[in-house]
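Topology and contacts: notes
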Amino acid sequence: MSATTVLDWGLGLAQGMLVLAMALAAWRMLRGPRAQDRILGLDTFYLNGMLAIVVHGMRTGSGLYFEAALILGMIGFTATVALAKFLMQGEVIQ
Amino acid sequence: MNEGALPAWAAWLVVLLAVSGAGFSLTGAFGLIRLKTFYERVHAPTLGATLGTALILCGSMLLLSLLEGRLVLRDALIGIFLTVTTPVTLLLLARTAAHRDRYEGNPGAPPEV
Amino acid sequence: MSRILPYPLLSAALTLTWLVLNAPPTPGNVLLALLVGLTVPAVMGALQPRPVRVRAPATIVRLLGIVLYDMVRSNLDVARVILGLRRGERRTGFVTVPLDLREPYGLTVLAIILTATPGTLWVQYDSDTRCLLMHVLDYTEGSDWERRVKDRYERPLMEIFS
């Protein structure tokens, strides 16, 4: 097998696994049972989405997806912190 | 994509790193639905945030370094950023859950410090 | 020294980050990186962060090794628990650890370490009683966890941020 075939199939497999992980996180997000479980699911969803983008960047061999992954990680962090603070106090900005 | 220059061993190594990293991440997400209580579940995504991310980023750095013919360390920044932010996220979530459980007097609530 | 470089660690970190982001270091990039490393800490001065004093570089390296080893080992442990490969009964619960470490930066690093090793979770720290409440996924080893946190992480951290 040539290097290109190995990379294409192997990274495709990794991407599929990450998408499955996103599906599991989404299931927890929809299912609950409590609000903190949903936020935890959202955080995991973001994390795995970010990793999937990194793997996609590897598959296309371009460094362009790096920025997208970094920004997605930052947005996920901010969203989770804001939601957790909202649950704690009922207000985001205080 | 000019992978003609990429040796076969490097391709296998990159794939091994990426797939094992994705495997750890998937195991973490699986734990999210398998473990019973919230406090157990918070441990699960850490799997993806530590070793899963580290392995995938190592694979990415190796691949891009070989393709571009120079050392590419950019992806390490994602790792550093994630290492700094994950504790904040999980700590806030755990404290929120503890606060709510104590307030409602749930049986699984953590003891007072 | 202190006028031009009020926070040398921050300056070095910013310069390095800039250089890593703009990868092939051309002269222009190096110049920009130095500019960022010099000006941003000056702005940071308005926030008046507490000065960081780090010592014992050998201890830092040793702690890094310990944390990396524990991270890989606890990742495998937690993966085994999740996949149901772990034999025997598993108990999970909260552990209270009285800490002697008081330096805020030391506590921050301890929080990062405890989170980076799956299986332990920092829940709450009370600065009055100086007790840390953490949740442990696999509690079967009993009170070993308190010793583990104190010996493996807290003592080196107290040496580093003394």
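Residues numbered from 1 in each chain as written. Chains lettered and ligands numbered in written order. Predicted model: local features only at pLDDT ≥ 70, side-chain atom pairs only at ≥ 80, totals over all residues. Heavy atoms only, no water.

Taken as a whole and judged by the stated rule, the model has 3 aromatic pairs over all chains. Geometrically, the ring pair formed by phenylalanine 38 of chain B and tyrosine 39 of chain B is edge-to-face, given 5.7 Å between the ring centres and 75 degrees between the ring planes. The same class applies to phenylalanine 38 of chain B and to tyrosine 39 of chain B, which are both buried. With 5.2 Å between their ring centres and 75 degrees between their planes, tyrosine 39 of chain B and phenylalanine 94 of chain C make a pair best called edge-to-face. (Phe/Tyr/Trp six-rings, centres within 6.5 Å; stacked < 30°, edge-to-face > 60°. Buried < 20%, exposed > 50% of the residue type's maximum accessible area, 1.4 Å probe, protein only.)

Time to look at the confidence of the model for chain B. For chain B, mean pLDDT is 84; residues scoring 70 or higher make up 95% of the total. Scoring the predicted complex yields pTM 0.86 and, for the interface, ipTM 0.86. (pLDDT = per-residue confidence, 0-100.)

Residues and elements named next belong to chain C. Here strand 2 (residues 120–126) pairs with strand 3 (residues 131–136) via 6 bridges, running antiparallel. Each bridged residue has a counterpart across the sheet, and for threonine 120 the counterpart in strand 3 is valine 136. Connecting strand 2 to the antiparallel partner strand 3 that follows it, the hairpin turn spans 4 residues, and arginine 130 within it adopts a positive phi of roughly 55 degrees. (Pairing = 2+ DSSP bridges. Helix = DSSP H or I, 4+ residues; strand = E, 2+ residues; numbered from the N terminus.)

Strands sit in the order 1-3-2 (chain C) across an open sheet of 3 strands; the sheet is antiparallel. Each end of this open sheet is capped by a strand with a single partner; those strands are strand 1 (93–98) and strand 2 of chain C. Direction aside, the axes of adjacent strands within the sheet are offset by 25 degrees on average. Packing against the sheet, helix 4 (residues 75–104) of chain B makes contact with strand 2 and strand 3 of chain C, and its axis sits at approximately 65 degrees to strand 2 of chain C. In the packing of helix 5 (residues 144–160) of chain C onto the sheet, the strands contacted are strand 1, strand 2 and strand 3 of chain C, and the crossing angle to strand 1 of chain C comes to about 45 degrees. (Axes fitted to C-alpha atoms, helices over the stretch in contact; angles between N-to-C directions. Contact = heavy atoms within 4.5 Å.)

A few words now on empty space enclosed by the protein. In total, this model carries 3 cavities of 30 Å³ or more according to the counting rule given. Put simply, the largest cavity is a space of about 190 Å³. Together, 16 residues line the largest cavity, and Asp43 and Leu47 of chain A together with Leu82, Thr86 and Thr89 of chain B are the ones closest to its centre. When residues of the lining of the largest cavity are traced back to their parent elements, those giving at least two are helix 2 (35–60) and helix 3 (65–89) of chain A together with helix 3 (44–68) and helix 4 of chain B. A breakdown of the residues in the lining of the largest cavity according to their chemical character gives 9 nonpolar, 6 polar and 1 charged. (1 Å grid on protein atoms, 1.4 Å probe; cavity = no way out; pocket = protein on both sides within 12 Å on 5 of 7 lines; lining within 4 Å. Points joined across faces, edges and corners; volume = space filled by probe spheres on them. Nonpolar A, V, L, I, M, F, W, Y, C, P; charged D, E, K, R; others polar.)

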